[in-house]
Structures are given as C-alpha cells and as structure tokens.
Amino acid sequence: AQSVTQLDSQVPVFEEAPVELRCNYSSSVSVYLFWYVQYPNQGLQLLLKYLSGSTLVKGINGFEAEFTKSQTSFHLRKPSVHISDTAEYFCAVSETQGAQKLVFGQGTRLTINP
Amino acid sequence: DAGVIQSPRHEVTEMGQEVTLRCKPISGHNSLFWYRQTMMRGLELLIYFNNNVPIDDSGMPEDRFSAKMPNASFSTLKIQPSEPRDSAVYFCASSTTSGTRETQYFGPGTRLLVL
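A quick note: this is a predicted structure, and the numbers were derived from the prediction, not measured. The numbering scheme is per chain: residues are counted from 1 as the chain's sequence reads. Chain labels run from A onward and ligand labels from 1 onward, assigned in the order the entries are written. At least 70 in pLDDT is required for a residue's local features to be given in this predicted model, at least 80 for side-chain atom pairs to be given and counted, and no such filter applies to totals for whole chains, interfaces and linings, which use all residues. Here the side-chain values reflect all heavy atoms present in the structure, with hydrogen atoms and water set aside.

Asker: What am I meant to see in the sheet that holds strand β1 (residues 5-7) of chain B here?
Answerer: Paired through their backbone hydrogen bonds, the strands of a sheet run either parallel or antiparallel. Residue and element names in this part refer to chain B. Taken together, the four strands give an open sheet; going across it, the order is β1-β3-β8-β7, and neighbouring strands pair in antiparallel fashion. For this open sheet the edge positions go to β1 and β7 (65-71), each flanked by a neighbour on one side alone. Strand after strand, the sheet turns through a mean of 15° between neighbouring axes, direction not considered. Strands qualify as paired when DSSP identifies two bridges or more between them. Labels follow the DSSP assignment, with helices taken as runs of H or I lasting at least four residues and strands as runs of E lasting at least two, numbered in each case from the N terminus. Pairing analysis gives five bridges linking β7 to strand β8 (residues 74-79), with the strands arranged antiparallel. Paired with Lys68 across the two strands is Thr76, which belongs to β8. An axis is simply a line fitted to the C-alpha atoms; with a helix, the fit covers only the stretch in contact. Between two such axes, the angle follows the N-to-C directions and lies from 0 to 180 degrees.

Given below as structure tokens:
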C-alpha cells in the first residue's frame, strides 16, 4: 500500500516570494505522482503529474515539481507566488499497475500575505 | 464544458434520515469516483465505477452507504440512515478511464452536515 506525507500543514509566505511545499511518499512498487490544488469551496484541480520521463515536471500557474526517487519525494515549487495562489495543495500517489487508486496526503494550506 | 456537476451543494439533515447525493460526470468520461473529505481522515476514495460498473467499493465505510450508476451520465451516493460522523464534503470526479494516468476532474462537492 502507498502512503503520502505532506510535511507542512500550513505554509505562510509573502507575495512574490518563492515557495516549496514538501511531499514524501512510501511505496513498494513504482508510482505515479500528482499535485492537486483546492481553492476555497471548490473541488480539486490537477496542477501537475509525474508519470515517467523527466523528473522535473511543469504544471499550470507557474508551478513545478521534482521527483527524487532516492528520497521518495515530490516537492512542489513556485519561484514567485501571488495572492491568488492561496489555497490548499494535495500531493497524491498511485501505483502504476494493479489497482490504480489515488492516495492523498493530508494537504498543505498555503497562505499568501501581501 | 460544464464540468462535473454535483447536487445539492449543501445538505443539512438530522440523524437517521436518508441522504442522496447526485453526480453528473463530464460527457464522454467512462470512469466515475466518489471521495469523502474530512478533517480527521483527509480525502478518501469511497468507490469508483468504470463503464457504469462498480469496480472497487472497498472504501465504502459500511452498509449504510450505497452507490449506483444507472447510466453514463448519472450517479448517486446514498446514506441510510445518516449519522453525525458522516458529516463531510463528498466529491465526485470523472475521468476518461479508471487508470490514474488520466486526469480526474472533480466536482465542487456536496457539504453534508448531519445533526
């Protein structure tokens, strides 16, 4: 079974500052990795995903994430955040074979201060 | 494209009542997923369908919960009888396939409060 740990439940940053949201996973098999964003009172929206190939994945809204297999991590980064990035961010993992179900982390609440 | 549509958006009911949540997936999507989000347990997959057939319901909490997909454009999640611990946000998502390579598109959710 897979599990996901998001190391920070809340991350406050100032507008235009860089941000990194940390995600570690545990799995005995190969995995796909995902970051979703949830704006207030809305459903989740896919930011980016790693399926194979380049370990640096670029997503929407200027976000990117890097898959580091040796550290079982998939941290999300943005070089300069905006007020509109205030949301909850979820890291998720699934097996590449078999029962391909998304397993989500607990989420990181990103708050952007002016 | 209208996206995934869920109704109602909010539901307040009393313990013991039957609750029915509804979902219309994106047209052309063959897979539908029901998730539950709570503060304590986070986001959990309850059940998913592929081509209207339930594939995995191992996440359904107990017999009080049931889900159906009578056709490709409609699914329901029913709780009978409801209990206060069922209070949560319930999301429906759809995808072109059940494999996770394909993006799951989430609806806005139904916020359920059981008193």
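Asker: Explain the layout of surface pockets here, please?
Answerer: Over the atoms a probe the size of a water molecule is rolled, and this reveals where empty space is left. Put plainly, a pocket is an open set of points on a 1 Å grid over the protein atoms alone with protein on both sides within 12 Å along at least five of seven lines, a cavity is a set where a 1.4 Å probe fits but cannot get out, and a lining residue has an atom within 4 Å of a point. Grid points are joined across faces, edges and corners, and a volume is the space filled by probe spheres set on the points. Roughly 630 Å³ of volume is contained in the largest pocket. Forming the boundary of the largest pocket are 29 residues, of which Gln38(A), Glu88(A), Arg109(A), Gln37(B) and Met39(B) lie nearest the centre. Secondary structure elements with two or more residues in the lining of the largest pocket: β10 (87-95) and β12 (108-113) of chain A together with β4 (31-38), β9 (88-95) and β11 (110-114) of chain B. If you go around the second largest pocket, you meet 19 residues; those closest to its centre are Lys101(A), Leu102(A), Val103(A), Leu45(B) and Gly59(B). It is strand β5 (residues 42-50) of chain B that contributes the most residues to the lining of the second largest pocket, six residues altogether. Gly is put with the polar residues, along with every residue not named as nonpolar or charged; the nonpolar set is Ala, Val, Leu, Ile, Met, Phe, Trp, Tyr, Cys and Pro, and the charged set is Asp, Glu, Lys and Arg. Split by residue class, the lining of the second largest pocket holds ten nonpolar, three polar and six charged.

Asker: I would appreciate a short explanation of unusual backbone geometry in the present structure.
Answerer: Phi is mostly negative for residues that are not glycine, and the peptide bonds are mostly trans. Note that the residue after Ser7(B), namely Pro8(B), is joined by a cis bond; omega there is -10°. Assignment of secondary structure puts Pro8(B) in the loop between β1 and β2 (10-13). Of note, the bond from Gln80(B) into Pro81(B) is cis; its omega dihedral lies within 30 degrees of zero at -10°. Here Pro81(B) lies in the loop between β8 and β9. If you check the backbone angles, Glu16(A) has positive phi at about 75° while not being a glycine.

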